[in-house]
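Working through the structure, step by step
Each chain is listed here by its residues.
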Amino acid sequence: MSVMIRSDDRARLKVTGDIEADLAVPTGGTGRCWLSFSDGTLVEAAYGKDDDCRFAVSEEGAGIARIQRDGAADVLRLDWRVEWVTVAAAGNAVRAGRGEPMPVLPGLFG
């Protein structure tokens with residue numbers, strides 16, 4: 001059970017496998033968008049000057065994500081049972097920052 005995602009152009013992402021769909025890439029962004037999967041995987045998709053799509057796994061979920069080069073663009077394969085996939089424009093998605101750990105207060109422990 002898996003899905004594969006590839007970009008045909010800047011307007012659409014083709015999903016095949018457990019789910020078959022053409023997802024619209026949000027317009028008006030900086031050439032970037034976020035893909036979120038039901039297993040918890042978060043992937044950034046970024047487009048170059050020649051409509052080449054490059055994927056980068058930002059957060060790993062339960063599945064195994066693999067990115068392979070296919071010509072000028074990437075193909076993302078996620079090996080896991082995928083129930084849903086969603087796309088968000090880069091300006092419509094936020095991530096929690098990885099802040100500094102809390103300091104140990106003197107005298108608190110001992």
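Residues numbered from 1 in each chain as written. Predicted model: local features only at pLDDT ≥ 70, side-chain atom pairs only at ≥ 80, totals over all residues. Heavy atoms only, no water.

Looking now at the pairing of strand β9 (residues 85-89). On β9, burial follows the alternation: Val85, Val87 and Ala89 on one face are buried, whereas Thr86 and Ala88 on the facing-out side are not. Pairing of strand β4 (residues 32-37) with β9, which is carried by 5 bridges, proceeds in the antiparallel orientation. Its bridge partner being in β9, Trp34 is matched across the sheet by Ala88. (Buried < 20%, exposed > 50% of the residue type's maximum accessible area, 1.4 Å probe, protein only. Helix = DSSP H or I, 4+ residues; strand = E, 2+ residues; numbered from the N terminus. Pairing = 2+ DSSP bridges.)

Positionally, Thr41 belongs in the loop between β4 and β5 (42-47). For Thr41, a relative accessible area of 1% translates into the label buried. Among the polar contacts made by the side chain of Thr41, one reaches the side chain of Asp39 at a distance of 2.9 Å. Within polar-contact distance, the side chain of Thr41 engages the backbone nitrogen of Gly61 at 3.2 Å. (Polar contact = N/O pair within 3.5 Å; in protein donor to acceptor, adjacent residues only side chain to side chain.)

Next up on the list: the pattern of salt bridges. All told, the structure shown has 7 salt bridges when counted by the stated rule. Of the charged contacts in the structure, one is a salt bridge between Arg32 and Glu44, with a shortest N-O distance of 2.5 Å. Taken together, the residues span a long stretch of sequence, with Arg32 in strand β4 and Glu44 in strand β5 at a distance of 12 residues. Owing to a relative accessible area of 34%, Arg32 belongs among the partly exposed residues under this scheme. Using a relative accessible area of 21% as the deciding quantity, one classes Glu44 as partly exposed. A salt bridge links Asp74 to Arg54; its shortest N-O distance comes to 3.2 Å. On the criterion of sequence distance, the pair formed by Asp74 in strand β8 (residues 73-79) and Arg54 in strand β6 (residues 53-59) is long-range, its members being 20 residues apart. The class for Arg54 is partly exposed, based on a relative accessible area of 43%. Shared partners join several salt bridges into a network, and the residues in it are Arg54, Arg69 and Asp74. (Salt bridge = Lys/Arg side-chain N within 4 Å of Asp/Glu carboxyl O.)

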